[in-house]
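Given next are the chains, with one letter for each unit.
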Amino acid sequence: MSTSNYSKELETALLAVQRATLLTKSVYHSHAKGTLSKSDSSPVTIGDFGAQALIISSIKHIFPEDEIVGEEDADDLRKDEKLREQVWELVQAAKLEDQDVEAKIGGPVKSVEDMLSAIDGGRSAGGRKGRVWALDPIDGTKGFLRGGQYAVCLGLLVDGEPTVGVIGCPNLPVDDKEPLTTTSGTNADDSEGKGVLFGAVKGRGATSRPLTKSGLAPEQKISMKPIHDITQATFCESVEAGHSSHSEAAAIAQKLGITKESVRMDSQAKYGSIARGAGDLYLRLPVSQTYEEKIWDHAAGVVIVQEAGGVVTDAAGKKLDFGIGRTLKENKGVIAAPAAVHGRVIEVVKEVLGNKQT
Ligand SMILES: Nc1ncnc2c1ncn2[C@@H]1O[C@H](COP(=O)(O)OS(=O)(=O)O)[C@@H](OP(=O)(O)O)[C@H]1O
Ligand SMILES: [Mg+2]
Ligand SMILES: [Mg+2]
Ligand SMILES: [Mg+2]
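Predicted, not measured: the structure shown is a model, and the values here were computed from it.

On to helix α2 (residues 46–62). Spanning 17 residues, α2 covers 25 Å between terminal C-alpha atoms, matching the ideal 24 Å at 1.5 Å per step. Of all 17 residues that make up α2, 15 are buried, and the element is covered over most of its length. Capping the start of α2 is the job of one residue whose side-chain oxygen sits 3.0 Å from the backbone nitrogen of Gly47: Thr45.

Okay, here's the thing in structure tokens:
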């Protein structure tokens, strides 16, 4: 077991994610997002490919021995020259303003071939042993396309345990205390006062800071809001009813006595939002018996919520197992809540899901 405090890993991840958000923001504001449909019919854009290239290239530069599980691969870009050129332009343009800071994460990607091999560097099968990064270059691609919330997410698993987590949310407010409202997921332009970078290391707490175009802004500690009365809680869920059951979440909320309408938002912005106390609970209720949650959709968020005083389990109350491979195949659903109320929420989830969970 390493005695590292993971400060180098955290700094690298924060800067690499910050740089990638410069790229995703430029795509967010352009009309041509170069959208393709993947084999599971979910969308991917030039922003997803570009952000994956930048982040993996940084990790490979600083930690060449580490494994990386990234959502995307370069197959489509190798086949399509026009798309490849579009991504290459974006990757070249996305630079942190201060050259010394840029150099800390390996400087620019040097060639088209380096870009493609960086993207393909995310093909690791994952597993229980050693250091594995889990990367979602754009989480909430559908939100990204519709002008909602999205996030650039990077987690480090050490022997299967989520240990470092970083999430960049260009469209969330900088102010940790700005409470979520039902429009937080849709009212999402990245204007002045928006853009936050969350970070956490296991055992060392969680922080937020404004996203910048260069070096890291000063951080502040974040923590979940203590819940004195669960009926007053705000819960978040997916926008897509195909990703999380809205009707079961509503039934759970009702049984808990929650009266506020849910906040629907795409991506791990949900984890960041509850970790900073802008919301309270994240409910993700499985809609399909066969879908396996991906490790890159949760690794970073789990560290950030746990370090902010929360507990994250699946819908049956079981710990999420990140050590099996690219998916959480032993888990169904995700429930994140402050430690003091997580047990109560799981009781109610079990009542509502009943024998569906066995
Ligand atoms: N069937 C099904 N069930 C559960 N989850 C699924 C499913 N299909 C896809 N996905 C993953 O959901 C990721 C985004 O989900 P979110 O809940 O964060 O956002 S939202 O559903 O778009 O509102 C999304 O991440 P990205 O692909 O990075 O956007 C997917 O990995
Ligand atoms: Mg995702
Ligand atoms: Mg993604
Ligand atoms: Mg995707």
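The next point concerns the state of the cysteines. Under the counting rule described, the total for this entry stands at 0 disulfides. Cys169 carries a free sulfur, and the closest cysteine sulfur to it, the one in Cys153, is 6.8 Å from it. Unpaired in this structure, Cys236 has its nearest cysteine sulfur neighbour in Cys169, at a distance of 11 Å.

Of the pockets and cavities examined, the largest pocket occupies roughly 1000 Å³. Lining the largest pocket are 48 residues, with Asp40, Ser42, Glu71, Tyr291 and Asp297 positioned closest to its centre. Counting only elements with at least two residues in the lining of the largest pocket, the list comes to β2 (43–44), α3 (75–79), β4 (131–139), α7 (141–146) and β12 (281–284). A domain split of the lining of the largest pocket shows at least three residues from each of domain 1 (7–222) and domain 2 (230–356).

Taken together, 19 residues lie around ligand 1, and Ser238, Val239, His243, Arg284 and Asp297 are the ones closest in. In this structure, Gly140 approaches ligand 1 through a main-chain N or O atom, which is 2.8 Å from an oxygen atom. Within the side chain of Asp297, an N or O atom sits 2.6 Å from an oxygen atom of ligand 1. Here ligand 1 loses 89% of its free accessible area of 640 Å² to cover by the protein chains. When residues in the shell around ligand 1 are grouped by element, the largest group, 3 residues, is from β4.

Considering all chains together, one arrives at 24 salt bridges under this definition. We note a salt bridge from Glu219 to Arg209, for which the minimum N-O separation is 3.5 Å. Residue Glu219 is located in the loop between β8 (206–210) and β9 (220–222), and its partner Arg209 is located in strand β8; the two are separated by 10 residues in the primary sequence. Several salt bridges converge on common partners, so that one network encompasses Asp73, Asp75, Arg78, Glu113, Asp120 and Arg123.

Moving on: the coordination of the magnesium ion (ligand 3). The coordination sphere of the magnesium ion (ligand 3), as far as protein atoms go, consists of Glu71 (OE), Asp136 (OD) and Ile138 (O), spread over 2.0 to 2.2 Å. In this structure, the magnesium ion (ligand 3) is positioned 3.7 Å from the magnesium ion (ligand 2), and both are ligated by Asp136. One end of the pair, Glu71, is in the loop between β3 (67–70) and α3; the other, Ile138, is in strand β4, and 67 residues separate them in sequence. Using a relative accessible area of 22% as the deciding quantity, one classes Glu71 as partly exposed.

Around the magnesium ion (ligand 2), the protein contributes the donor atoms Asp136 (OD), Asp139 (OD) and Asp297 (OD), at 1.9 to 2.1 Å from the metal centre. Read N to C, the donor residues that coordinate the magnesium ion (ligand 2) are spaced as D-x2-D-x157-D.

Where α2 meets helix α6 (residues 112–120), the axes come as close as 8 Å, and the angle between the chain directions of the two elements is 90 degrees. By the angle class used here, α2 and α6 are roughly perpendicular. Across the interface between the two elements, Phe49, Gln52, Ala53, Ile56 and Ser57 from α2 touch Met115, Ala118 and Ile119 from α6.

Those residues carrying the UniProt feature "binding site: Mg(2+)" (unreviewed entry) are Glu71, Asp136, Ile138, Asp139 and Asp297 in this numbering. The greatest C-alpha distance among the residues just named is 9.8 Å, despite their covering 227 residues of sequence, which places them together in space. Considering only the residues just annotated, the largest pocket is lined by Glu71, Asp136, Ile138, Asp139 and Asp297. In contact with Glu71, other than residues within four places in its own chain, are Lys38, Gln52, Leu135, Asp136, Pro137, Ile138, Trp296 and Arg326. Engagement of the side chain of Glu71 in a polar contact is seen with the side chain of Lys38, the distance being 3.0 Å. Ile138 has contacts with Thr24, Thr45, Gly47, Asp48, Glu71, Phe144, Tyr150 and Ala151, leaving out every residue within four places of it along the chain.

Rules used throughout
- Residues numbered from 1 in each chain as written.
- Chains lettered and ligands numbered in written order.
- Predicted model: local features only at pLDDT ≥ 70, side-chain atom pairs only at ≥ 80, totals over all residues.
- Heavy atoms only, no water.
- Helix = DSSP H or I, 4+ residues; strand = E, 2+ residues; numbered from the N terminus.
- Expected span 1.5 Å × (residues − 1).
- Buried < 20%, exposed > 50% of the residue type's maximum accessible area, 1.4 Å probe, protein only.
- Polar contact = N/O pair within 3.5 Å; in protein donor to acceptor, adjacent residues only side chain to side chain.
- Disulfide = S-S within 2.5 Å.
- 1 Å grid on protein atoms, 1.4 Å probe; cavity = no way out; pocket = protein on both sides within 12 Å on 5 of 7 lines; lining within 4 Å.
- Points joined across faces, edges and corners; volume = space filled by probe spheres on them.
- Domains from an automatic or database assignment.
- Near = heavy atom within 4 Å.
- Areas by Shrake-Rupley, 256 points an atom, 1.4 Å probe, with all protein chains shown as cover.
- Salt bridge = Lys/Arg side-chain N within 4 Å of Asp/Glu carboxyl O.
- Donors = N, O, S within 2.8 Å, 3.2 Å for Na, K, Ca; no water.
- Axes fitted to C-alpha atoms, helices over the stretch in contact; angles between N-to-C directions.
- Parallel < 35°, antiparallel > 145°, perpendicular 65-115°, else oblique.
- Contact = heavy atoms within 4.5 Å.
- UniProt positions renumbered as here; feature names shortened; annotations may be inferred.

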